[in-house]
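Residue-level structural notes
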Amino acid sequence: QVQLVESGGGLVQAGGSLRLSCAISLNIFEFNVVGWYRQAPGKQRDMVATIFIADTTTYADSVKGRFTISRDNAKNTVYLQMNSLKPEDTAVYYCYARPPSSSVHYTPRGYWGQGTQVTVSS
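What this report covers is the structure whose coordinates are included nearby.

Definitions and limits used
- Every chain's residues receive numbers from 1 upward, in the order its sequence appears when written.
- With pLDDT at 70 or above as the cut-off, local features in this predicted model cover only qualifying residues; side-chain atom pairs require 80 or more to be listed or tallied, and sums for whole chains, interfaces and linings still use all residues.
- In computing side-chain properties, one takes all heavy atoms of the structure into account and sets aside hydrogens as well as water.
- Counting from the N terminus, the helices are the DSSP runs of H or I reaching at least four residues and the strands are the DSSP runs of E reaching at least two.
- For this measure, only C-alpha atoms enter the radius of gyration; the expected value for a globule follows 2.2 Å times N^0.38, where N is the number of residues.
- Three labels apply to residues, based on accessible area from a 1.4 Å probe with only protein chains included: buried if under 20% of the type maximum, exposed if over 50%, partly exposed otherwise in between.
- The Shrake-Rupley method, run with a 1.4 Å probe, gives the accessible areas here. Residue values count only the displayed protein chains as cover.
- Positive charges are assigned to Lys and Arg, negative charges to Asp and Glu, while His and the chain termini are left out of the count.
- Every charge is mapped to an atom, namely NZ of Lys, CZ of Arg, CG of Asp or CD of Glu.
- Basic side-chain nitrogens of Lys or Arg form a salt bridge, by our definition, when they fall within 4 Å of a carboxyl oxygen of Asp or Glu.
- What is meant by a nonpolar core is a set of buried Ala, Val, Leu, Ile, Met, Phe, Trp, Tyr and Cys residues, joined one to another through side-chain atoms within 4.5 Å.
- For this analysis, residues touch if any pair of their heavy atoms sits within 4.5 Å.

A word on the overall build of the protein chain. Counting secondary structure elements, the protein chain contains zero helices and eleven strands. Secondary structure elements of the protein chain, listed N to C terminal, follow the sequence β-β-β-β-β-β-β-β-β-β-β. Relative to a compact globule of 122 residues, whose C-alpha radius of gyration would be 14 Å, the protein chain shows 14 Å and is just as compact. Principal axes of the C-alpha set define a box for the protein chain whose edges measure 45 × 25 × 25 Å. Taking all 122 residues of the protein chain together, the buried fraction comes to 43%. Entry remark: accessible area of the protein chain is about 6,500 Å², with carbon and sulfur atoms responsible for 47%. Computed over 11 positive and 8 negative side-chain charges, the inter-centroid distance for the protein chain is 2 Å.

Once the charged atoms of two side chains with opposite charge are near each other, the side chains can pair. A complete count under the given rule lists four salt bridges for this structure. Its salt-bridge partner being aspartate 89, residue arginine 38 comes within 3.0 Å of it at the nearest N-O pair. With arginine 38 in strand 4 (residues 33–39) and aspartate 89 in the loop between strand 8 (77–82) and strand 9 (91–98), this pair connects stretches of sequence that are 51 residues apart. Accessibility assignment for this pair places arginine 38 and aspartate 89 in one class, buried. Among the charged side chains, a network of salt bridges with common partners joins Arg38, Arg66 and Asp89.

With that settled, consider the nonpolar core. By size, the foremost hydrophobic cluster in this structure holds 30 residues, and its most contacted members are Trp36, Leu80, Met82 and Tyr93. When residues of this core are traced back to their parent elements, those giving at least two are strand 3 (18–24), strand 4, strand 5 (46–52), strand 7 (67–72), strand 8, strand 9 and strand 11 (116–121). Not counting residues within four places of it along the chain, the set of residues in contact with tyrosine 93 comprises Glu6, Leu20, Trp36, Tyr37, Arg38, Val48, Phe67, Leu80, Met82, Gly115, Thr116 and Val118.

As structure tokens, this is what we get:
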């Protein structure tokens, strides 16, 4: 019933920029955590950036200073602005959202989008 749909992935040259979007089928305030993960070939899925209901953010060390997570409450959308992209950023990027335990939508695993491919060429 809860759906997350990513968009904005594609092929970009190293040093370029890309903005990912994640449209959520509920009011974004139904979630206490929203964010982005990524998975490169042969690697585990790792956290890239998260934003909490109080607007606190966390970033993976590898993307600090280059990526920015934000949300538009009116549009129920979370964004990932990616600047100064590197070939090592190549991965499938997944949107993630977790409702609080008090929510009718609560599940300890949260919800995941289907992913969007980001490829950064040298």
